[in-house]
Amino acid sequence: IAGITQAPTSQILAAGRRMTLRCTQDMRHNAMYWYRQDLGLGLRLIHYSNTAGTTGKGEVPDGYSVSRANTDDFPLTLASAVPSQTSVYFCASSWTSGGDGEQFFGPGTRLTVL
Amino acid sequence: GENVEQHPSTLSVQEGDSAVIKCTYSDSASNYFPWYKQELGKRPQLIIDIRSNVGEKKDQRIAVTLNKTAKHFSLHITETQPEDSAVYFCAAVPNRDDKIIFGKGTRLHILP
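What comes next is a walk through the structure. Quick caveat: nothing in here was measured; it's all calculated off a predicted structure.

Section: the nonpolar core
Counting 24 residues, the largest nonpolar core has B:Trp35, B:Phe73 and B:Leu108 as its most contacted members. Counting only elements with at least two residues in this core, the list comes to strand E2 (10-14), strand E3 (19-25), strand E4 (32-38), strand E5 (45-51), strand E7 (62-67), strand E8 (72-77), strand E9 (86-92) and strand E11 (106-111) of chain B. Grouped together as the second largest cluster of nonpolar side chains are 19 residues, A:Leu13, A:Met19, A:Cys91 and A:Val113 included.

Section: the interface of chain B and chain A
At the junction of the two partners, chain B supplies 20 residues and chain A supplies 24 residues. Both sides together, the interface formed by chain B and chain A hides about 1,800 Å², and carbon and sulfur atoms give 55% of it. The tally of links from chain B across to chain A stands at 0 salt bridges. Between the two partners, chain B and chain A, sit 3 residue pairs in polar contact (both at pLDDT 80 or more). For the side of chain B that touches chain A, the elements supplying multiple residues, two or more each, are E4, E5 and strand E10 (101-102) of chain B. By residue number, the principal contributor to the side of chain B that touches chain A is E4(B), which donates 3 residues. A per-class count over the side of chain B that touches chain A returns 9 nonpolar, 3 polar and 8 charged.

Parameters and conventions
Residues numbered from 1 in each chain as written. Chains lettered and ligands numbered in written order. Predicted model: local features only at pLDDT ≥ 70, side-chain atom pairs only at ≥ 80, totals over all residues. Heavy atoms only, no water. Core = buried A, V, L, I, M, F, W, Y, C linked by side-chain atoms within 4.5 Å. Buried < 20%, exposed > 50% of the residue type's maximum accessible area, 1.4 Å probe, protein only. Helix = DSSP H or I, 4+ residues; strand = E, 2+ residues; numbered from the N terminus. Contact = heavy atoms within 4.5 Å. Buried area = accessible area lost by both parts, 1.4 Å probe. Salt bridge = Lys/Arg side-chain N within 4 Å of Asp/Glu carboxyl O. Polar contact = N/O pair within 3.5 Å; in protein donor to acceptor, adjacent residues only side chain to side chain. Nonpolar A, V, L, I, M, F, W, Y, C, P; charged D, E, K, R; others polar.

Now the structure itself:
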């Protein structure tokens, strides 16, 4: 692996189902982030982690949870998916926390909730 | 909290002409202003950034200017080329403990 990867690439999900989006980086970056991208709304931060073992809420955290058990992995879980969670989800990582510094984005996961 | 406004939402320019995208921010404590480019179907990538102790930064055909007093910053692309067609996002970071806030994006079309 070189960089940051996400899985799955796309997913169609029935409302009410539980879903985990996976994100892995091999750059040993301290900070990791989850964004959702919706047309006309740009990139909105869902959750972040400044370092392994810590997480924080972003702009739009409701309905989502994250964990950071180690440096490399930062999964995002939708406990009970709703149609408004239909979006493209990007994971990102950076050397420094606090948003100060270049963020490297994964390829994205396109999620459709029916 | 921080709020970033970006204009225009769509911009079309003739190939070879210049393009300017403008952003304003609300939190005077913001001190880091990156610009990301997202090509169709691709992931966002950093193209240039500026910190609050600098008024202007250039990298080949792109430049960013920052007016801290007016809380404005702008992206300038000169001699535009077809590969400049993309969505551009500005962003602001209030301080080292806060998270990056993105503008809603500008879709730039380079016309042949």
